[in-house]
Amino acid sequence: MGGYELAFTMRERVAGGAITIELVGEIDILAEQELAPRIEALAGRCRADLVIDLRGVTFLDASGLRLLLRARNRAVRCGGRLRVVRGGPRVSKVIRIVQLETAFTWLDAPPVADVACGPRDGSVPA
């Protein structure tokens, strides 16, 4: 039998003094289960400046929205902040429909890269 290939990846890097997390693919319940511990750990760093880049996201459901909200709440509790790079039309529509535009600080592009976070491109076939 063939193996199951995950429909998402996550890469992290330091850019413009912020930890930038690039999400790619389908951010659904499976992605949330795999990515939540990693994203929450990054958001929980003391006074972390976190950016989640949604430009590569092709699908976002309630689980993906919950992932974003949990990351924001964790960052704020730890004295940090979370900003989100706008995704494509499908992702933006979901966020608009559930009226979460005001829940996040939105960016049109991620900060300019400073340094890569080690050799891992952080790709998660989580």
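Residues numbered from 1 in each chain as written. Predicted model: local features only at pLDDT ≥ 70, side-chain atom pairs only at ≥ 80, totals over all residues. Heavy atoms only, no water.

Asker: Please provide a residue-by-residue account of the side chain of Asp-49, values included.
Answerer: Checked against the element boundaries, Asp-49 lands in strand β3 (residues 49-60). In this structure Asp-49 comes out as buried when scored by relative accessible area, which is 16%. For Asp-49, the side chain forms a polar contact with the side chain of Arg-81, separated by 3.0 Å. (Helix = DSSP H or I, 4+ residues; strand = E, 2+ residues; numbered from the N terminus. Buried < 20%, exposed > 50% of the residue type's maximum accessible area, 1.4 Å probe, protein only. Polar contact = N/O pair within 3.5 Å; in protein donor to acceptor, adjacent residues only side chain to side chain.)

Asker: I'd like to hear about the packing of helix α1 (residues 29-43) against helix α2 (residues 62-77), residue by residue, with values.
Answerer: The interhelical angle for the contact between α1 and α2, taken along N-to-C directions, is 10 degrees, at an axis separation of 9 Å. The pairing of α1 with α2 is recorded here as roughly parallel in orientation. The segment α1 lies against α2, with Ile-29, Glu-32, Leu-35, Ala-36, Ile-39, Glu-40 and Ala-43 engaging Ser-63, Arg-66, Leu-67, Arg-70, Ala-71, Arg-74 and Ala-75. (Axes fitted to C-alpha atoms, helices over the stretch in contact; angles between N-to-C directions. Parallel < 35°, antiparallel > 145°, perpendicular 65-115°, else oblique. Contact = heavy atoms within 4.5 Å.)

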